[in-house]
Number of protein chains: 2
Amino acid sequence: MNTPTSLAESVDGQRFWDDMLDQARIGALSPRGLRRLALDDNDNHARCWLVDRGRALGCETFYDAMGNVFLRREGQDPDLPPLLIGSHLDSQPSAGSYDGTLGVVAGLAVLRALHDGGIAHRRPVEVVSWTNEEGARFAPGASGSSWFAGQRQATSILEAEDDDGVRFADALADCLARLDAHGVSYRPDAFTPFAFLELHIEQGPVLESLGIPACAVQGIQGVNWYNVTLQGQANHAGTTPEHARRDAFTGAHALISALREAVAEHGDQVRFTIGKFALAPNATNTIPQQAAFSIDLRHPSAAVLAALDASFQRLAGQSWSGCTVELAASARVPPVAFDDQLVAMLDASVKAYAPDAPQLVSGAFHDAIHLAHRCPTAMLFMPCRDGISHHPDEHIERDDADIAVRALADTVGTLLAR
Amino acid sequence: MNTPTSLAESVDGQRFWDDMLDQARIGALSPRGLRRLALDDNDNHARCWLVDRGRALGCETFYDAMGNVFLRREGQDPDLPPLLIGSHLDSQPSAGSYDGTLGVVAGLAVLRALHDGGIAHRRPVEVVSWTNEEGARFAPGASGSSWFAGQRQATSILEAEDDDGVRFADALADCLARLDAHGVSYRPDAFTPFAFLELHIEQGPVLESLGIPACAVQGIQGVNWYNVTLQGQANHAGTTPEHARRDAFTGAHALISALREAVAEHGDQVRFTIGKFALAPNATNTIPQQAAFSIDLRHPSAAVLAALDASFQRLAGQSWSGCTVELAASARVPPVAFDDQLVAMLDASVKAYAPDAPQLVSGAFHDAIHLAHRCPTAMLFMPCRDGISHHPDEHIERDDADIAVRALADTVGTLLAR
């Protein structure tokens, strides 16, 4: 019998990679990428695949009221809260094969290392696949993890409809029936895990640019979304002198310059993105009556977000080129700091392979943002080529993935040895 | 018999206004405004109304190959080129009652003053209504005047189709048949007038803000239209650090700041309008891959337009936030300077009523821009409320119109006395 501390070396990299390729076939697009929308046939197929793999490793399998699937490797003390490892198997409409799947299949690789090594541990270990992380079919996303963590009520999740008018509740009922028919045990309620670990692709360019195969993640940036609307006066572009204009585009341009200046005061960790912009009536020779744009603002510090929120509100209270401004926050998600101890353990595990690994703050949301409210939580990142995700071109290097999974296993080994 | 110089005082202001109200009923919208698309039933009805009014004043009536309608008051020397006065009777889809109609009905008022006063003149006088100035049903506009002035070929005009797939040629054939049935004489060809005069609403705020009832127009601004496209790289708004971004919106914002600075070097006669703006993929949490916007640039001087064109091309040649830029001119209409002598005469006529009248440069296009290439041409403007046109709220004051028509008649009187 091996000792847990050697768990990292026991990971079967070939089987892990074969599992990734297997998963990539479920909902595959031509020539590459996949489409596995939450609770669709492919997504349900992927759940059953996971169940089968778990059973082959001697795991008991469960599903809960939200369709989250669990593979449980029993501990010597079954009453201890389990260590939870996982991510999600659903995808964006035209996605790559790694976002989410990586974290689930990595968990499976850890289970296999425990199984193949015949490693006994007091605490149960479970691998989980959370339902509808992406929110691409049913918005918003992270349905399974947010419900499990007690962050959202089931009723509000079940009411969501997809573009074809299919209710989340009905799609979920089909999924649960399929899991039931597949012999998976129903364990309806959420519980409090010992800890939650999630490996995910970075979805950004930092690790790749540094040539680092993995890193610990300190937390997830908070985000404020705003919709900004300026009302001016439509007029003839040829006949209206500058001083007589109330040009909503000119007003928006000046306001955005001021917003950028406010952002620049808070250093280079701020993410400020204007992703949507529209003019009305949107005609070449008409002065715009209205300009409307979105702001996506992110920072790891709640204090910085609050300071920028105050600056934005103050700027919106001014008149810009004679236009009135309305600035409305459409979403606010506070930043989450992961568990210090877990982050330190993951960081130590990573540095055994990559001594120069940094620690990052996640700019994207993950299931872990919700789990962090329920139990000690942390994440590992690994690089993806050109930072691309949510696209068939999403790509990871097998050598990086091998290290990332071993780092995950190493921390699991340490936790189980306690 | 009156002398021509008293023609201005002979204008029957009440009959002129009654004619304006009559015309406003043809294609009237509820509660106000009108819809008289080029060559539609209302537009043809308006032509016949004009023919009837002309006949009542002893005029011979003509139509040409483009459906332009002429009321001819014969001169003592019928071989002299006629003095031409007019504008257009077609409208935008949801328009006011003054844009175009004013200039035609004002011409009619001058004919009536000549007729009622029994004034003889060597040179013939004709009032014209040009076909499809607006271009709202068949684009581009100014079909009748541009063809008449030799600026565009009939074949290219006849090919245009409206949104229902009706060809200009077929709509025109119906119109010509109706004029024929109405007893109007066919005079197919264009000719070179002695001069062309057009009274029009300003479609801008200047005269109203000065409290001036009319003014001479020196010319028409030239206009350059551009389509500008920036190509960046779409990426995740949360995970991509500032230095790794090629944000097409950020690039567009910086480029537009530079374009504005270039414009500001050329004084306050430049009109610079960004009326269209679009981002792709246009999602709140995605860094824009592409930004596309329009520029409407106007100035009375061809040299200034050329200098700004060079500046714009130079700026587009630079990289903005790592994005590539494409700047393409989609239209160029050179400025037109009206005939100095005619402008001076109209200015003198106006100043008899409004000593402080300025001279303006038109920011909008008019049929006169084409006639200026065929014969000495000039325009008069009168104010419209809030500068609004192309809208049912378009409004003029009767007292202003009375002065504008008399100023027009005064210049006609002076020209006929020569």
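Residues numbered from 1 in each chain as written. Chains lettered and ligands numbered in written order. Predicted model: local features only at pLDDT ≥ 70, side-chain atom pairs only at ≥ 80, totals over all residues. Heavy atoms only, no water.

Draft legend 1. Up close: empty space enclosed by the protein. For the coordinates displayed, the defined rule picks out 1 cavity of 30 Å³ or more. In this model, the largest cavity occupies a volume close to 40 Å³. Together, A:Phe249, A:Ala252, A:His253, A:Ile256, A:Phe277, B:Phe249, B:His253, B:Ile256 and B:Phe277 line the largest cavity. Elements with a contribution of two residues or more to the lining of the largest cavity: helix H9 (248–264) of chain A together with helix H9 (248–264) of chain B. With 4 residues, H9(A) is the single largest residue contributor to the lining of the largest cavity. Of the residues in the lining of the largest cavity, the class split is 7 nonpolar, 2 polar and no charged. (1 Å grid on protein atoms, 1.4 Å probe; cavity = no way out; pocket = protein on both sides within 12 Å on 5 of 7 lines; lining within 4 Å. Points joined across faces, edges and corners; volume = space filled by probe spheres on them. Helix = DSSP H or I, 4+ residues; strand = E, 2+ residues; numbered from the N terminus. Nonpolar A, V, L, I, M, F, W, Y, C, P; charged D, E, K, R; others polar.)

Draft legend 2. View of the state of the cysteines. Residue and element names in this part refer to chain A. In this structure the tally under the stated criterion is 0 disulfides over all chains. Note on Cys 59: no disulfide assigned, nearest cysteine sulfur contributed by Cys 48 at a separation of 16 Å. According to the relative accessible area criterion, Cys 59 is buried, its value standing at 8%. (Disulfide = S-S within 2.5 Å. Buried < 20%, exposed > 50% of the residue type's maximum accessible area, 1.4 Å probe, protein only.)

Draft legend 3. Expanded view of the relation of the copies chain B and chain A. Once turned by 180 degrees and shifted 0.2 Å along the axis, chain B lies on chain A with an RMSD of 0.2 Å. In short, the pair behaves as if placed about a two-fold rotation axis. For chain B, the smallest separation between a C-alpha atom and the rotation axis is recorded for B:Ala278, amounting to 3.1 Å. When the interface residues of chain B are mapped onto chain A, 100% of them again lie at the interface, so the same face is used by both copies. (Least-squares fit on C-alpha atoms with pLDDT ≥ 70 in both. Contact = heavy atoms within 4.5 Å.)

Draft legend 4. Structural view of the environment of B:Gly238. Topologically, B:Gly238 is positioned in the loop between strand E9 (235–236) and H9. A sequence separation of 84 residues divides B:Gly238 from B:Ala154, and the C-alpha atoms of the two residues are 57 Å apart.

Draft legend 5. View of the interface of chain B and chain A. With 45 residues of chain B in contact, the opposing surface of chain A contributes 46 residues. Here chain B and chain A share an interface that buries about 3,900 Å² over both sides, 55% of which is from carbon and sulfur atoms. Linking chain B to chain A there are 0 salt bridges. Counting across the interface, chain B meets chain A through 15 residue pairs in polar contact (both at pLDDT 80 or more). (Buried area = accessible area lost by both parts, 1.4 Å probe. Salt bridge = Lys/Arg side-chain N within 4 Å of Asp/Glu carboxyl O. Polar contact = N/O pair within 3.5 Å; in protein donor to acceptor, adjacent residues only side chain to side chain.)

Draft legend 6. Molecular detail of the packing of aromatic side chains. Residue and element names in this part refer to chain A. In the structure shown here, the tally under the stated rule is 29 aromatic pairs over all chains. Considering the side-chain rings of Phe 138 and Phe 168, the 5.1 Å spacing of their centres and the 75 degrees angle between planes classify their relative orientation as edge-to-face. Here Phe 168 lies in helix H7 (residues 168–181) and Phe 138 lies in the loop between strand E4 (125–130) and helix H5 (143–148), a separation of 30 residues in the sequence. The exposure classification of Phe 138 matches that of Phe 168, with both residues buried. (Phe/Tyr/Trp six-rings, centres within 6.5 Å; stacked < 30°, edge-to-face > 60°.)

Draft legend 7. Representation of the environment of B:Gly58. Considering the arrangement of structural elements, one finds B:Gly58 in the loop between helix H3 (41–56) and strand E1 (60–63). For the pair B:Gly58 and B:Val270, spaced 212 residues apart in the sequence, the C-alpha separation amounts to 46 Å.

Draft legend 8. Molecular detail of the UniProt feature "binding site: Zn(2+) 2" (unreviewed entry) in chain A. Residues and elements named next belong to chain A. If you check UniProt for "binding site: Zn(2+) 2" (unreviewed entry), the listed places come out as Asp 99, Glu 134 and His 390 in our numbering. A compact arrangement is adopted by the annotated residues: their sequence extent is 292 residues, whereas the largest C-alpha distance between any two is 9.6 Å. Residue position: Asp 99 is located in the loop between strand E3 (83–88) and helix H4 (101–116). When neighbours within four sequence positions are excluded, Asp 99 is seen to be in contact with His 88, Asp 90, Glu 134, His 200, Ile 201, Gln 203, His 390 and Glu 394. (UniProt positions renumbered as here; feature names shortened; annotations may be inferred.)

Draft legend 9. Main features of the pairing of E1(B). Residues and elements named next belong to chain B. Across 4 bridges, the pairing between E1 and strand E2 (residues 69–73) is antiparallel. Looking at the pairing, Phe 62 lines up with Phe 70 of E2. A loop of 5 residues connects E1 with E2, the two strands running antiparallel in sequence, and Gly 67 in this loop sits at a positive phi of about 80 degrees. Relative to strand E5 (residues 185–186), E1 runs parallel, the two being bridged by 2 bridges. When the sheet's bridge partners are listed, Tyr 63 is paired in E5 with Tyr 186. (Pairing = 2+ DSSP bridges.)

Draft legend 10. Region of the structure containing the packing of helix H3 (residues 41–56) of chain A against H4(A). Residues and elements named next belong to chain A. Viewed as axis vectors pointing N to C, H3 and H4 meet at an angle of 15 degrees, and their least axial separation amounts to 10 Å. What the angle tells us is that H3 and H4 run roughly parallel. Remark: the crossing between H3 and H4 carries left-handed chirality. Between H3, through Trp 49, Leu 50, Arg 53, Gly 54 and Ala 56, and H4, the contact on the second element is made entirely by Val 104, Val 105, Leu 108, Arg 112 and His 115. Residue composition of the contact of H3 with H4, by class: 6 nonpolar, 2 polar and 2 charged. (Axes fitted to C-alpha atoms, helices over the stretch in contact; angles between N-to-C directions. Parallel < 35°, antiparallel > 145°, perpendicular 65-115°, else oblique. Left-handed = near helix turned anticlockwise from the far one by under 90°.)

Draft legend 11. The arrangement of unusual backbone geometry in detail. All names here are of chain A. With an omega of 0 degrees, the peptide bond between Ser 30 and Pro 31 qualifies as cis. If you trace the backbone, Pro 31 turns up in the loop between helix H2 (13–24) and H3. Positive phi, normally seen in glycine, also occurs at Asn 132, with a value near 50 degrees. Along the chain, the position of Asn 132 falls in the loop between E4 and H5. Residue classification places Asn 132 among the buried positions, given a relative accessible area of 0%. Here Ser 321, not a glycine, exhibits a phi torsion of approximately 50 degrees, which is positive.

Draft legend 12. Main features of the packing of H2(A) against H4(A). Residues and elements named next belong to chain A. Contact pair H2 / H4: the axes reach a minimum separation of 10 Å and the direction vectors enclose 145 degrees. Once H2 is placed against H4, the crossing between them reads as right-handed. Packed against H2, whose contacting residues are Arg 15, Phe 16, Asp 19, Met 20 and Gln 23, the element H4 presents Thr 101, Leu 102, Val 105, Ala 106, Leu 108, Ala 109 and Arg 112 at the interface.

Draft legend 13. View of H7(A). Residue and element names in this part refer to chain A. The end-to-end C-alpha distance of H7 is 20 Å, a good match for the 20 Å that 14 residues give at a rise of 1.5 Å each. Inspection of H7 places Phe 168, Ala 169, Ala 171, Leu 172, Cys 175, Leu 176 and Leu 179 among the buried residues, and these make up the whole buried set. Within H7, the buried residues cover an arc of 160 degrees as seen down the axis, which keeps them to one side. Of the residues in H7, the exposed ones pointing more than 90 degrees away from the buried face are Asp 174 and Ala 181. (Expected span 1.5 Å × (residues − 1). Arc of directions from axis to C-beta.)

Draft legend 14. Layout of the UniProt feature "binding site: Zn(2+) 1" (unreviewed entry) in chain A. Residues and elements named next belong to chain A. This chain's UniProt record puts "binding site: Zn(2+) 1" (unreviewed entry) on His 88, Asp 99 and His 200. What stands out for the annotated residues spanning 113 residues is how close their C-alpha atoms remain, the widest pair being 9.8 Å apart. Topologically, His 88 is positioned in strand E3. Among all residues touching His 88, those that are not within four sequence positions of it are Asp 99, Gly 100, Thr 101, Val 104, Ser 129, Trp 130, Glu 133, Glu 134, His 200 and Asp 367. Along the chain, His 200 turns up in strand E6 (residues 195–201).

Draft legend 15. Just the domain arrangement of chain A, in detail. All names here are of chain A. Segmentation of chain A into domains returns domain 1 (4–220 + 336–417) and domain 2 (222–333). Of the residues lining the interface, 6 residues belong to domain 1; the matching set on domain 2 comes to 5 residues. Summed over both sides, the interface between domain 1 and domain 2 buries roughly 390 Å², with carbon and sulfur atoms accounting for 65% of that surface. The three residues of domain 1 that bury the most area against domain 2 are Val 361, Gly 363 and Phe 365, which together make up 74% of that side's buried surface. (Domains from an automatic or database assignment.)

Draft legend 16. Representation of a negative patch on the surface within the structure. A cluster of acidic side chains, namely A:Glu208, A:Asp386, A:Glu397 and A:Asp399, defines a negative patch on the protein surface. For A:Glu208, a relative accessible area of 34% puts it in the partly exposed group. (Patch = residues over 30% accessible without salt bridge, like charges linked within 9 Å, V, L, I, M, F, W, Y side chains within 5 Å. Areas by Shrake-Rupley, 256 points an atom, 1.4 Å probe, with all protein chains shown as cover. Lys, Arg positive; Asp, Glu negative; His and termini not counted. Charge placed at Lys NZ, Arg CZ, Asp CG, Glu CD.)

Draft legend 17. View of the pattern of salt bridges. Residue and element names in this part refer to chain B. Within this structure, the stated rule accounts for 34 salt bridges over all chains. Of the charged contacts in the structure, one is a salt bridge between Arg 112 and Asp 19, with a shortest N-O distance of 2.9 Å. Of this pair, Arg 112 sits in helix H4 (residues 101–116) while Asp 19 sits in helix H2 (residues 13–24); the two residues are 93 residues apart in sequence, bridging distant segments of the chain. By relative accessible area, Arg 112 is classed as buried at 3%. Asp 19 gets classed as buried once you look at its relative accessible area, which sits at 2%. In this structure, Lys 351 and Asp 347 form a salt bridge, with 3.0 Å as the shortest nitrogen-oxygen distance. Remark: Asp 347 and Lys 351 occur in helix H11 (residues 340–351); sequence separation between them is 4 residues, near one turn of the helix. Classification of Asp 347 as buried rests on a relative accessible area of 10%.

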